[in-house]
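Working through the structure, step by step
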Amino acid sequence: QKVIEIAPSPLLSREVRRELYRVSKKAMYRLGYESVGTIEYLVDQDDNFYFIEMNTRIQVEHPVTELISGIDLIQRMIQIAEGDRLIYMQEEIHLRGYAIEFRINAENPKLGFVPSPGLITRYLAPGGPGVRMDSMAYTNYLIPSNYDSMIAKLIVSGQTWEDCVRKARRALDEFIIEGVPTNIALHRQIVRDQDFIDGKLDTGYLDGKLQTFNLDAIHNMQDEEEKMKHIEEVIAAINAKNLTVRH
């Protein structure tokens, strides 16, 4: 299962990206495919790319493409299904900046990130320029056990990779979900990891760092719980003594 999605890849050269476009367009033309789809490849350290699969549907990570291209993929998918033609040539689509999507899952880091359905007792999502939230969650929402553990997608965008990572740190620090454990603390650790900041990513990135992130996520979660408990104690003490607080 994916954890974070990025567009465009900070490691992919324009030449390789252009060739991926060419091969993908040729394949779709030969197949006669007429809808939104996702073709997945792996690229090695020598810029050789290898076809993995094609998903003939919209993908969870479609917001990162939308944010850097300015095209609403869901809208275009529906319009094409109604018989509309393509209204853009590939050369007319210009990518601007970077976008990162974080899958926010109701998972317990203390138990190997197993799904943890339950009642959300507090939900406060981040916002601001360059921050997008796709979610159905809210305070007092009951997460069922029947479906995937993902409850939200946090997507940030910026003109540069560095700007995008900074926005991600701020947005993740502002994201509050209580009542169920989540993987937000894991994301907070990832965006502070130097390899991630430098864009040094590969298919073994998370496997090589997961144990450290796991422990850090647990400590981070415990720190947040202790902080909230302390704040509640201070508020209770103020209320008990009828003290006037000046802002």
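Values in this document were obtained by computation on a predicted structure and should not be read as measured data.

Observations regarding the overall build of the protein
- Helix and strand content of the protein: seven helices and twelve strands.
- Projected onto the principal axes, the alpha-carbon positions of the protein cover approximately 75 × 40 × 40 Å.
- Here the protein holds 247 residues, and the buried ones make up 34% of them.
- Looking at the protein alone, contacts between residues at least 24 apart form 63% of all its contacts between residues at least 6 apart.
- Counting every atom, the protein has about 15,400 Å² of accessible surface; 52% of that belongs to carbon and sulfur.
- Here the protein contributes 29 positively and 37 negatively charged side chains, and the mean placements of these two sets differ by 4 Å.

So, the side chain of N55
- Of note, N55 is situated in strand β3 (residues 49–55).
- Excluding residues within four positions of it along the chain, N55 makes contact with G37, T38 and E40.

Some remarks on the pattern of salt bridges
- Summed over the entire model, instances satisfying the criterion amount to 17 salt bridges.
- In this structure, K167 engages D163 in a salt bridge whose closest nitrogen and oxygen atoms are separated by 3.9 Å. In this pair, K167 and D163 are both assigned in helix α4 (residues 161–174), four residues apart and thus about one turn of the helix distant.
- Of the charged contacts in the structure, one is a salt bridge between D193 and K209, with a shortest N-O distance of 3.3 Å. Placement of the pair is D193 in the loop between α5 (184–190) and α6 (194–197) and K209 in helix α7 (residues 205–240), with a sequence separation of 16 residues.
- Taking the relative accessible area as the measure of exposure, D193 reaches 15% and is therefore buried.
- What emerges from the salt-bridge pattern is a single network uniting K2, E5, E40, E61 and R103.

Some words on a nonpolar patch on the surface
- Judged by side-chain polarity, L42, Y50 and I52 come together as a nonpolar surface patch covering roughly 290 Å² of accessible area.
- Within the secondary structure layout, I52 lies in strand β3.

Describing helix α3 (residues 73–81)
- Among the residues of α3, L73, R76 and I80 are the ones counted as buried. Down the axis, α3 shows its buried residues gathered within 60 degrees of arc, on one side only.
- Where α3 is buried, its residues meet α2 (62–69).
- With a side-chain oxygen positioned 3.1 Å from the backbone nitrogen of I74, the residue opening α3 is D72.

What about the environment of T160?
- Tracing the backbone shows T160 in the loop between β11 (150–158) and α4.
- Between the alpha carbons of T160 and S116 there is a distance of 35 Å; along the sequence they are 44 residues apart.

Side note on α2
- Counting buried positions along α2 yields six of eight residues, so the element is predominantly enclosed.
- Looking only at α2, the buried set comprises H62, P63, V64, E66, I68 and S69.
- Close packing links the buried residues of α2 with β1 (4–7), α3, β4 (98–105), β9 (131–135) and β11.
- Within two residues after α2, G70 carries a phi angle of roughly 75 degrees, on the positive side.

A closer look at the sheet that holds β4
- As summarised here, the arrangement of the four strands in space is β1-β4-β11-β9, forming an open sheet in which the pairing is antiparallel. The open sheet terminates on both sides in strands that have one partner only, identified here as β1 and β9. Ignoring strand direction, the axes of neighbouring strands in this sheet form an average angle of 15 degrees.
- Inspection of the sheet shows β9 paired to β11 by five bridges, in the antiparallel sense. Opposite R132, over in β11, you have I155 as the bridge partner.
- On the sheet, α2 packs against β1, β4, β9 and β11 and is oriented at approximately 155 degrees with respect to β4.
- The strands touched by α4 are β1, β4, β9 and β11; relative to β11, the strand with the most contacts, the crossing angle is about 140 degrees.

Definitions and limits used
- Residues numbered from 1 in each chain as written.
- Predicted model: local features only at pLDDT ≥ 70, side-chain atom pairs only at ≥ 80, totals over all residues.
- Heavy atoms only, no water.
- Helix = DSSP H or I, 4+ residues; strand = E, 2+ residues; numbered from the N terminus.
- Buried < 20%, exposed > 50% of the residue type's maximum accessible area, 1.4 Å probe, protein only.
- Contact = heavy atoms within 4.5 Å.
- Areas by Shrake-Rupley, 256 points an atom, 1.4 Å probe, with all protein chains shown as cover.
- Lys, Arg positive; Asp, Glu negative; His and termini not counted.
- Charge placed at Lys NZ, Arg CZ, Asp CG, Glu CD.
- Salt bridge = Lys/Arg side-chain N within 4 Å of Asp/Glu carboxyl O.
- Patch = residues over 30% accessible without salt bridge, like charges linked within 9 Å, V, L, I, M, F, W, Y side chains within 5 Å.
- Arc of directions from axis to C-beta.
- Polar contact = N/O pair within 3.5 Å; in protein donor to acceptor, adjacent residues only side chain to side chain.
- Pairing = 2+ DSSP bridges.
- Axes fitted to C-alpha atoms, helices over the stretch in contact; angles between N-to-C directions.

Spatial relationships are all this shows, so hold off on functional conclusions.
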